[in-house]
Amino acid sequence: MRSGHLEGSFMGKKRLEEPNKKLEYVRTLLIDNYDSYTYNIYQELSTINGVPPVVVKNDEWTWEDVVHYLYKEKAFDNIVISPGPGSPTCPADIGICLRLLLECWDIPILGVCLGHQALGYVHGAEIVHAPEPVHGRLSEIEHSGCSLFHGIPSGKKSGFKVVRYHSLVIDAESLPKELIPIAWTSSTDALSFLDTLKFDTISTQSKNESCLPSIHSNGSQSRKVLMGIMHSSRPHYGVQFHPESVATCHGSKIFRNFKEITEDYWLRSRSSFVKERNIHYTACMQVPHASQLFSEVSRSRRSMNNPNELHREAPGPIQLVCDADKSSFRLFDMAENTFWLDSSSTEKGRARFSFMGGKGGSLWKQLTFRLSDQRDTDKFGGHLLIEDARGSKKSSFLEEGFFDFLNKDLLSFGYDKKDFEGLPFDFYGGYIGYIGYNLKVECGVPSNRHKSKTPDACFFFADNLVAIDHRNDDVYILSVHEENTPMTSWLDDTEQKLLCLRASSTEKVEEQSLQAATISQCKPAFISDKSREDYVKDVQNCLKYIKDGESYELCLTTQLRKGVREIDSLGLYLHLREKNPAPYAAWLNFSKEELSICCSSPERFLQLDKNDILEAKPIKGTIARGSTQEEDEQLKLRLQYSEKDQAENLMIVDLLRNDLGRVCEPGSVHVPRLMDVESYATVHTMVSTIRGKKQANVSAVDCVRAAFPGGSMTGAPKLRSMELLDSIESCSRGIYSGSIGFFSYNQTFDLNIVIRTVVIHEGEASIGAGGAIVALSNPEDEYEEMLLKTRAPAKAVMEFD
């Protein structure tokens, strides 16, 4: 995703602003300090200002560009400086922001977090470590009643609670006379999200009734942490907290107040003269080429357009998945490549559909993509091998990368929506496979330190498949072929096989599991790439980065490995799903690559449905199940009210809101469920749900590219965190931390987060695991949590191998 270029698809008109009349809308230049919350501000300002802001990276424009657009074109009414990692004392972290604050004295500016610190630093205040790092936790705020906080209550139990993500602060004692303190914490203690719900009585205090703390003679505030400043003569403001966070109260009101400050400022400024502004503006800047793709790509291929031939519903329910075993795959040739996207945990509506299939149709093909060795090139391209249904292979180098290829290929399909009316699911055929973690280099990360042993992406084009609706116990069979090509007998043959299936041999699987469990005692166990001592040191390194403001949260991982003899990977997967069923599970068998994936993931990364609704369901917070009902309930409550786990979850929720905010309609991103606790066979987890309405000019692949890798596996801010993790971790994550799922040719997709997964490749079984490191983390506890997450998949391999 690119931003900051003013050659978008929407060109604003020249307009003559009349004296003594407020602005029709407010045009904001939003400076992005490479943060993972900038697009939450973007979403807020889009709805409040009347037009979306223009987003520019802090090192993207020269000063000549700034002068041109601010003063010659008069294209912007105000500036907002985003949060970000690092410190304003480091030029690489703050970019052009200091010069903006110093020289643009006649333009309203609001700095958030890092932007707030930059406002203090540029005028001589000192930036110091906070009394404690505070990330994903809340504080009650008192304020002076200035215009930025107009109409917002103040003080303890007033209802003004804000989310903080910072390790550095402005030293209040060092504030120069030009800067006035306007907000501070009501107490020295930060609170968890659920703690703040205890204080839900909203005060009716007016700004004149606000209780002000003691102020030193130099204007600084005593003991409590400085949360807001303003310049005495310039329209410049800063807030240390994050008004854009989902858990901040009155955050939108602060942005509305800044809009009114801007309007009033220009109203006063225009009292003596009339300004003409010529604006070159885009509302689609974040995906400048998306609309071009729709027109450039030829839609020569057609899907089958006969709905009666496209799918056939088997008469009567077939217990194909509820009692799944090898007999389910009599439909497909096990010697060839096969897939199973398996919703094996469907209780409480977690998931509904499963899809399975294999090589067979004329359109079938396999894509195998490997990133180039980045030591040999500055580009992130790679080598793509395509094998078609006839066994013919074609190799090519993709200079623009895999996502670009996949996007163009999916956009080349044509279909009629009427052909699929009545189907309850969104996958009509298309690509099924995985995206490896290293494809982060196609999503903004400059490089990969570690090269993956497995392909960086591997997909089948599925033209023949079986779909199972678990809610209604229905089975569908689908076949897709090119227009004007003869149909095969696959639909009829498969229907007969389904009807002939007997009740599956679950008992055999259970018997096999019991036998395996009795002989696993003497087998070699999994060995971690990192010893306990090394992993604890890694956690301590993460904590130092967090203390220094380099990250809010770092999702540290490692790998456990074990040699395996020739193994029946489907049998292993069936054993794993019996012991640890999951809603976003999968079994993939890429036989040509000697690669099988047995995944029991409970986490959805991202879904786009046929109504253009995007949904993410990040997991942050995990605890083991109890051995008794009473103990289990106590553990569940411990997770629910854990301050650390709530902080982890909130940070990733705000990150996913940001990622969806890049590609969703302004004002549509919302959080219907925040910090729910879900229970699985071996663990309780804390899950949130984020949704938004996709912009019309954005493709399915654009959505994935905006959010990959899933924030729950990186931390925040995402880019800086991934760079730090690359320097700490000792090997490639490979498939782990990536995504498994489908891209349908009707521009829908559903992808999981690859966790709780066994990857079998070239005689080795590997399991990735880790956890989010935050300021409240305990190194020893983090090591134990990492082991907990490997328990179910590792045990399944030990019992089955």
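This one's a predicted model, so the numbers in the text were calculated from it and none came from an experiment.

1. Re the overall build of the protein chain
Here is step 1: In terms of helices and strands, the protein chain carries 19 helices and 37 strands.
Here is step 2: Buried residues in the protein chain amount to 64% of all 801 residues.
Here is step 3: Restricting the contact set of the protein chain to residue pairs at least 6 apart, pairs at least 24 apart contribute 78%.
Here is step 4: Of the roughly 30400 Å² of accessible surface on the protein chain, 48% is carried by carbon and sulfur atoms.

2. A word on the nonpolar core
Here is step 1: Within the largest apolar cluster, 102 residues are counted, with the highest numbers of intra-cluster contacts made by Phe743 and Phe749.
Here is step 2: Ranked by residue count, the leading element in this core is helix α16 (residues 643–661), at eight residues.
Here is step 3: Contacts of Phe749, omitting those with residues within four sequence positions, involve Leu606, Gln607, Leu608, Leu614, Ala700, Cys703, Val704, Phe742 and Phe743.
Here is step 4: Counting 45 residues, the second largest nonpolar core, distinct from the first, contains Met356, Val466, Leu556 and Leu574.

3. Topic: the packing of aromatic side chains
Here is step 1: In the structure shown here, the tally under the stated rule is 35 aromatic pairs.
Here is step 2: A ring pair is formed by Phe353 and Phe425, whose centres lie 5.6 Å apart and whose planes are at 70°; its orientation type is edge-to-face. Placement of the pair is Phe353 in strand β15 (residues 353–358) and Phe425 in the loop between β19 (413–414) and β20 (430–435), with a sequence separation of 72 residues.
Here is step 3: Owing to a relative accessible area of 1%, Phe425 belongs among the buried residues under this scheme.
Here is step 4: Taken together, the ring pairs in this structure connect Phe369, Phe402, Phe413, Tyr415, Phe420, Tyr428, Tyr431, Phe459, Phe461, Phe743, Tyr745 and Phe749 into an aromatic cluster.
Here is step 5: For the cation-ring pair, Lys57 lies above Tyr34, with the distance from its terminal atom to the ring centre recorded as 4.7 Å.
Here is step 6: If you follow Arg733 out to its NZ or CZ, it ends over the ring of Tyr437, 4.4 Å from the centre.

4. Here we look at the packing of helix α13 (residues 532–547) against helix α19 (residues 779–800)
Here is step 1: Direction vectors running N to C along α13 and α19 enclose 120°, while the axes themselves pass 9 Å from each other. Classified by the angle their axes make, α13 and α19 are oblique. In this structure, the crossing between α13 and α19 has a hand that is right-handed. Contact with α13, carried on its side by Arg532, Tyr535, Val536, Val539, Gln540 and Leu543, involves Pro779, Glu780, Glu782, Tyr783, Glu784 and Met786 of α19 and no other residues of that element.
Here is step 2: Its residues placed into classes, the contact of α13 with α19 shows seven nonpolar, one polar and four charged.

5. Description of the sheet that holds strand β6 (residues 127–143)
Here is step 1: If you trace the nine strands from one edge of the open sheet to the other, you get β3-β2-β4-β5-β10-β9-β8-β6-β7, paired in mixed fashion. Every other strand in the sheet has two partners, leaving β3 (54–57) and β7 (161–170) as the edge strands with one partner each. Strand-to-strand twist of the sheet, defined as the mean angle between neighbouring strand axes without regard to direction, takes the value 25°.
Here is step 2: Sheet topology note: the strand β9 (residues 226–231)/strand β10 (residues 236–239) ladder contains three bridges and is antiparallel. Each residue of the ladder has a partner; that of Ile229, found in β10, is Gly238.

6. Comments concerning the side chain of Glu782
Here is step 1: Looking at the element boundaries, Glu782 is found in helix α19.
Here is step 2: Judged by its relative accessible area of 2%, Glu782 is buried.
Here is step 3: Here the side chain of Glu782 touches Lys644 through a polar contact of 3.1 Å, side chain to side chain.

7. Some points on the pairing of strand β30 (residues 619–624)
Here is step 1: Burial of β30 is extensive: five of the six residues sit out of reach of the surface.
Here is step 2: Across four bridges, the pairing between β30 and strand β32 (residues 683–693) is antiparallel. Of the residues in β32, the one forming a bridge with Ile619 is Val687.

8. Quick look at the side chain of Ser732
Here is step 1: If you trace the backbone, Ser732 turns up in the loop between α18 (718–728) and β34 (739–744).
Here is step 2: What makes Ser732 buried here is its relative accessible area of 12%.
Here is step 3: Within the local environment of Ser732, its side chain forms a polar contact with the backbone nitrogen of Gly734, the two atoms lying 3.0 Å apart.
Here is step 4: Not counting chain neighbours up to four residues away, the residues in contact with Ser732 comprise Asn438, His450, Lys451, Ser452 and Gln559.

9. Comments concerning the environment of Val128
Here is step 1: Relative to the assigned elements, Val128 resides in strand β6.
Here is step 2: The contacts of Val128, once residues within four sequence positions are left out, are Ser167, Leu168, Val169 and Asp171.

10. Thoughts on unusual backbone geometry
Here is step 1: Phe708 connects to Pro709 through a cis peptide bond whose omega is -10°.
Here is step 2: By the secondary structure assignment, Pro709 is in the loop between α17 (700–707) and β33 (715–716).
Here is step 3: Residue Pro717 is reached from Ala716 by a cis peptide bond, and omega for that bond is -10°.
Here is step 4: Along the chain, Pro717 falls in the loop between β33 and α18.
Here is step 5: Here Lys157, not a glycine, exhibits a phi torsion of approximately 60°, which is positive.
Here is step 6: Residue Lys157 is classed as exposed on the basis of its relative accessible area of 53%.
Here is step 7: Although it is not a glycine, Ser737 adopts a positive phi angle of roughly 80°.
Here is step 8: Summarising the element assignment, Ser737 is placed in the loop between α18 and β34.

11. Points about α19
Here is step 1: Relative to the 32 Å expected for 22 residues at 1.5 Å per residue, α19 spans 32 Å between its end C-alpha atoms, a close match to the ideal helical length.
Here is step 2: Taking the largest bend as the criterion, α19 deviates by roughly 45°, centred on Arg791, and proline Pro793 comes between one and four positions later.
Here is step 3: Where burial is concerned, most of α19 is hidden: 16 out of the 22 residues are buried.
Here is step 4: For α19, the capping residue at the N-terminal end is Asn778, with a side-chain oxygen 3.0 Å from the backbone nitrogen of Glu780.

12. Some thoughts on the pairing of β15
Here is step 1: Taken across its six residues, β15 has six buried, putting it largely inside the fold.
Here is step 2: Every second residue of β15 is oriented toward a common face, with Phe353, Phe355 and Gly357 on one face and Ser354, Met356 and Gly358 on the other, all of them buried.
Here is step 3: One ladder, built from four bridges, connects strand β14 (residues 338–342) with β15; its direction is antiparallel. Paired with Trp340 across the two strands is Met356, which belongs to β15.
Here is step 4: Both β15 and strand β22 (residues 464–469) contribute to a ladder of five bridges, which runs antiparallel. The residue bridging Gly357 from the neighbouring strand is Leu465, located in β22.

13. Notes on the environment of Ile107
Here is step 1: Along the chain, Ile107 turns up in the loop between α4 (97–103) and β5 (109–112).
Here is step 2: Between the alpha carbons of Ile107 and Asn78 there is a distance of 5.9 Å; along the sequence they are 29 residues apart.
Here is step 3: Ignoring any residue separated from it by four or fewer positions in sequence, one finds Ile107 in contact with Leu70, Tyr71, Asp77, Asn78, Ile79, Pro235, His236, Tyr265 and Trp266.

14. Observations regarding the pattern of salt bridges
Here is step 1: Per the stated rule, a full pass over the model turns up 36 salt bridges.
Here is step 2: One salt bridge connects Lys718 with Asp659, and the closest N-O pair in it is separated by 2.9 Å. One end of the pair, Lys718, is in helix α18; the other, Asp659, is in helix α16, and 59 residues separate them in sequence. Neither residue differs from the other here; Lys718 and Asp659 are each classed as buried.
Here is step 3: Through salt bridges that share partners, Arg604, Glu615, Arg691 and Asp750 make up one connected network.

15. Some words on the state of the cysteines
Here is step 1: Within this structure, the stated rule accounts for zero disulfides.
Here is step 2: With no disulfide partner, Cys703 has as its closest neighbouring cysteine sulfur the one in Cys664, 6.7 Å distant.
Here is step 3: Take Cys703: its relative accessible area is 1%, and that puts it in the buried class.

16. Thoughts on the environment of Pro85
Here is step 1: Secondary-structure assignment places Pro85 in the loop between β4 (78–81) and α3 (91–94).
Here is step 2: Residue classification places Pro85 among the buried positions, given a relative accessible area of 2%.
Here is step 3: Residues Pro85 and Tyr165, 80 residues apart in the sequence, show an inter-C-alpha distance of 9.8 Å.
Here is step 4: Not counting chain neighbours up to four residues away, the residues in contact with Pro85 comprise Asn33, Tyr34, Asp35, Asp93, Leu114, Gly549, Glu550, Tyr552, Pro717 and Arg720.

About the thresholds
Residues numbered from 1 in each chain as written. Predicted model: local features only at pLDDT ≥ 70, side-chain atom pairs only at ≥ 80, totals over all residues. Heavy atoms only, no water. Helix = DSSP H or I, 4+ residues; strand = E, 2+ residues; numbered from the N terminus. Buried < 20%, exposed > 50% of the residue type's maximum accessible area, 1.4 Å probe, protein only. Contact = heavy atoms within 4.5 Å. Areas by Shrake-Rupley, 256 points an atom, 1.4 Å probe, with all protein chains shown as cover. Core = buried A, V, L, I, M, F, W, Y, C linked by side-chain atoms within 4.5 Å. Phe/Tyr/Trp six-rings, centres within 6.5 Å; stacked < 30°, edge-to-face > 60°. Lys NZ or Arg CZ within 6 Å of the ring centre and 35° of its normal. Axes fitted to C-alpha atoms, helices over the stretch in contact; angles between N-to-C directions. Parallel < 35°, antiparallel > 145°, perpendicular 65-115°, else oblique. Left-handed = near helix turned anticlockwise from the far one by under 90°. Nonpolar A, V, L, I, M, F, W, Y, C, P; charged D, E, K, R; others polar. Pairing = 2+ DSSP bridges. Polar contact = N/O pair within 3.5 Å; in protein donor to acceptor, adjacent residues only side chain to side chain. Expected span 1.5 Å × (residues − 1). Bend = angle between axes of the 7 residues up to and from the residue. Salt bridge = Lys/Arg side-chain N within 4 Å of Asp/Glu carboxyl O. Disulfide = S-S within 2.5 Å.

Note that every value here comes from positions in space, so none of it alone points to a role or purpose.
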